[in-house]
Amino acid sequence: MKRAIIDCRMSEKCRKSLQNQGFELINISKNPHYDEPVSAHPDVFIFVYENGIIAEKSAYDALSKHLFDFSENTSLSIECAYETSSDVRYPDDCALNFAKCGNALIGNYRAASPRLLETAEKMHYMKIDVKQGYAKCNTCVVDDNSIITEDNGIAKACAKEGIDVLLLKNHEVKLGGYGNGFIGGASGNYTDENKNKFLYFIGDLKTHTEWKKIYEFCGERNVEVISLSDEPLYDCGSIFFI
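Chemist: Would you mind going over the overall build of the protein chain with me for this structure?
Modeler: A tally of regular secondary structure across the protein chain gives six helices and 15 strands. Taken against the 2.2 N^0.38 rule, which gives 18 Å for 242 residues, the C-alpha radius of gyration of the protein chain at 16 Å falls within 12% of a compact globule. The principal-axis extents of the C-alpha atoms in the protein chain amount to approximately 40 × 40 × 40 Å. Looking at the 242 residues of the protein chain, the share that counts as buried comes to 55%. With an accessible surface of roughly 10,800 Å², the protein chain has 47% of that area assigned to carbon and sulfur atoms. Across the protein chain, 27 positive and 36 negative side-chain charges occur, with their mean positions spaced 2 Å apart.

Chemist: Got a minute to help me understand the sheet that holds strand β6 (residues 99–101) in this structure?
Modeler: The strands making up a sheet associate through hydrogen bonds between their backbones, and the pairing can be parallel or antiparallel. Overall, mixed pairing links the three strands, which are arranged β6-β7-β8 in an open sheet. On the outer flanks of this sheet lie β6 and β8 (126–129), each paired with one strand and no other. Taking each pair of neighbouring strands and ignoring which way they run, the sheet shows an average axis angle of 25°. Sheet topology note: the β6/strand β7 (residues 104–107) ladder contains three bridges and is antiparallel. Of the residues in β7, the one forming a bridge with Lys100 is Leu105.

Chemist: I keep staring at unusual backbone geometry and nothing clicks. Help me out?
Modeler: Across the chain, the bulk of peptide bonds are trans and the bulk of non-glycine residues have phi less than zero. Backbone torsion omega between Tyr90 and Pro91 reads 5°, so that peptide bond is classified as cis. For Pro91, the location among the structural elements is in the loop between β5 (77–82) and β6. Unlike most non-glycine residues, His124 shows phi in positive territory, near 60°. As for its placement among the helices and strands, His124 is situated in the loop between α4 (114–122) and β8.

Chemist: Could you clarify how one ought to interpret the environment of Glu50 in this entry?
Modeler: Here Glu50 shows up in the loop between β3 (46–49) and β4 (52–56). With sequence-adjacent residues up to four places away left out, Glu50 is seen in contact with Leu76, Lys100, Gly102, Met123 and Tyr125. At a separation of 3.1 Å, a polar atom in the side chain of Glu50 contacts the side chain of Lys100. Polar side-chain contacts of Glu50 include one of 2.4 Å to the side chain of Tyr125.

Chemist: Could you clarify how one ought to interpret the sheet that holds strand β1 (residues 2–7) in this entry?
Modeler: One open sheet holds the three strands; their spatial order is β2-β1-β15, and the pairing between them is mixed. Sheet topology places β2 (23–28) and β15 (240–241) at the edges, where each strand pairs with a single neighbour. Strand contacts of helix α1 (residues 12–20): β1, β2 and β15, with the helix running at about 140° to β2, the strand carrying the most contacts.

Chemist: Just checking my understanding: could you explain the pairing of strand β9 (residues 140–143) for this structure?
Modeler: Within a regular strand, the side chains alternate between the two sheet faces. Alignment of β9 against strand β10 (residues 146–149), held across three bridges, turns out to be antiparallel. For Val141, the partnering residue across the bridge sits in β10 and is Ile147. Between β9 and β10, which pair antiparallel and follow one another directly, the connecting turn spans two residues.

Rules and cut-offs
- Each chain carries its own residue numbering, running from 1 in the direction its sequence is written.
- In keeping with the model being predicted, local features are shown solely for residues with a pLDDT of at least 70 and side-chain atom pairs are shown and tallied solely at 80 or more, while totals for entire chains, interfaces and linings include all residues.
- Excluding hydrogens and water, the side-chain figures rest on all heavy atoms present in the structure.
- Each helix is a run of DSSP H or I of at least 4 residues and each strand a run of E of at least 2, with the numbering of both proceeding from the N terminus.
- Put simply, the radius of gyration uses C-alpha atoms, and a globule should come to 2.2 Å times the residue count raised to 0.38.
- Only protein chains enter the accessibility calculation, which uses a 1.4 Å probe. A residue is then buried if its area is under 20% of the maximum for its type, exposed if over 50%, and partly exposed in between.
- Only the protein chains shown count as covering a residue, and every accessible area follows the Shrake-Rupley method with a 1.4 Å probe.
- Note on charges: Lys and Arg go in the positive column, Asp and Glu in the negative column, and His and the chain ends are not counted at all.
- By convention, the point assigned to a charge is CZ for Arg, NZ for Lys, CD for Glu and CG for Asp.
- For two strands to count as paired, DSSP must find a minimum of two bridges between them.
- Axis lines are fitted through C-alpha atoms, for helices just across the contact stretch, and the angle between N-to-C directions can take any value from 0 to 180 degrees.
- Contact definition: two residues touch when any of their heavy atoms are within 4.5 Å.
- For the purposes of these results, a polar contact is taken to be a pair of N or O atoms within 3.5 Å, where, inside protein, one atom must be able to donate a hydrogen and its partner to accept one; residues adjacent in sequence count only when each atom of the pair is a side-chain atom.

Given below as structure tokens:
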């Protein structure tokens, strides 16, 4: 079973496009303790890695109920990192907002969940510490050694560690309630059973003025770009494929 974890508010066009490509959709519901624009963003509430998922309690409950038949996925675990009981504001909402690119883990380690830090140590990830709390939102992972970002700090830190980086000049991703969203939050990378690599965009990549650079960067890495609709790119807190 192919599954995509998404913000429950993703547009109907994008939802149908994912379903037409065979993905079962798992919705992250709005959490009232978080700012409205990010209150159902998967990259705020979960961290996905090789062996499983670390989640905030509300997302953990949803995933446990709707996502897994453990007899089917015995090697994949879901862990509850913490429970939110009061209002959360930036950067305290970034405890799980880390981008994994190959063996590198990109994020603001001062904001990290203790459970995520334990996992990083256990998995021997290379730590790339950045100032940006919304690191996953700001990092579009293309493959195991390539990213796209609008954030200068993330770009410099990753390039220093040998990761290929396409730094965008323009902040053109939409996110209602904020001035803009980010390219990482408007995308999700997927590798199928035949090792074919895809990069999905929430909306139409060609609405971004730098779309040709993105296509070329992905094409050089044999990653196929798929736009999920004809709408402007929208930050829905990333898509996680499992």
